[in-house]
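Okay, here's what each chain looks like letter by letter:
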Amino acid sequence: MARVLVLTADLLFGSNVRGALAAAGHEVELAGGEDALRQALIGAPADVIVADLTSEELERVQSVRELREEGLLGDARVLGYYSHVEPGVRELAEGDGFDLVVPRSRMAREGAALVDGLAGG
């Protein structure tokens, strides 16, 4: 079981992601913004961060970079998902150290398996 923090303002899709990950045995917490993510990381380390890059992608990529630079991510792996109509977001996120960046449709289908792979499970 991995501790997974999901950074998203989309509560509907975020709830779907949380449900799929929880059904796979992961401990999941939703964070609606950088401040909430920061507080969750201060409380306990995460194994995987899932970041919604479908909106505010530049801010989200920058937030993850800053948290990594501050040492708050520790050994957490970072999975981002983006809108298929914005393929440049993938390169941006990968260039900033995301471990895996996939289209939102793939996240919806394979989210639990993707997290399992990153968490070493």
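This write-up is about the structure you can find in this document. Note that the structure is a prediction, hence the values are computed from the model and not measured.

### Some points on the nonpolar core
In this structure, L5, L37, L41, I49, L53, L73 and F98 are the most contacted members of the largest nonpolar core, which totals 21 residues. When residues of this core are traced back to their parent elements, those giving at least two are β1 (3-7), α2 (34-43), β3 (48-52), α3 (57-69), β4 (77-82) and α4 (88-95). Contacts of L41, omitting those with residues within four sequence positions, involve L5, A46, I49, L67, L72 and L73. V17, V28, V102 and M107 belong to the second largest nonpolar core, which has 17 residues in total.

### A closer look at the packing of helix α1 (residues 11-23) against helix α5 (residues 104-119)
Relative placement of two packed helices is described by the angle separating their axes and the distance separating the axes. It is the contact of α1 with α5, at a shortest axis distance of 9 Å, that shows an interaxial angle of 30°. In terms of axis orientation, α1 runs roughly parallel to α5. Judged by the sense of rotation from one axis to the other, the crossing of α1 with α5 is right-handed. Two secondary-structure elements touch here, α1 through F13, V17, A20 and L21 and α5 through R104, M107, A108, G111, A112 and V115. By residue class, the composition of the contact of α1 with α5 is 8 nonpolar, 1 polar and 1 charged.

### Overview of the packing of α2 against α3
Between α2 and α3, whose axes approach to 11 Å, the crossing angle comes to 30°. Judged on the interaxial angle alone, α3 and α2 are roughly parallel. Read as a crossing pair, α2 and α3 show a hand that is right-handed. For the pair α2 and α3, the contacting residues are E34, L37, R38 and L41 in the first and S63, E66 and L67 in the second.

Parameters at a glance
Residues numbered from 1 in each chain as written. Predicted model: local features only at pLDDT ≥ 70, side-chain atom pairs only at ≥ 80, totals over all residues. Heavy atoms only, no water. Core = buried A, V, L, I, M, F, W, Y, C linked by side-chain atoms within 4.5 Å. Buried < 20%, exposed > 50% of the residue type's maximum accessible area, 1.4 Å probe, protein only. Helix = DSSP H or I, 4+ residues; strand = E, 2+ residues; numbered from the N terminus. Contact = heavy atoms within 4.5 Å. Axes fitted to C-alpha atoms, helices over the stretch in contact; angles between N-to-C directions. Parallel < 35°, antiparallel > 145°, perpendicular 65-115°, else oblique. Left-handed = near helix turned anticlockwise from the far one by under 90°. Nonpolar A, V, L, I, M, F, W, Y, C, P; charged D, E, K, R; others polar.

Any functional reading would require information beyond the geometric quantities listed.
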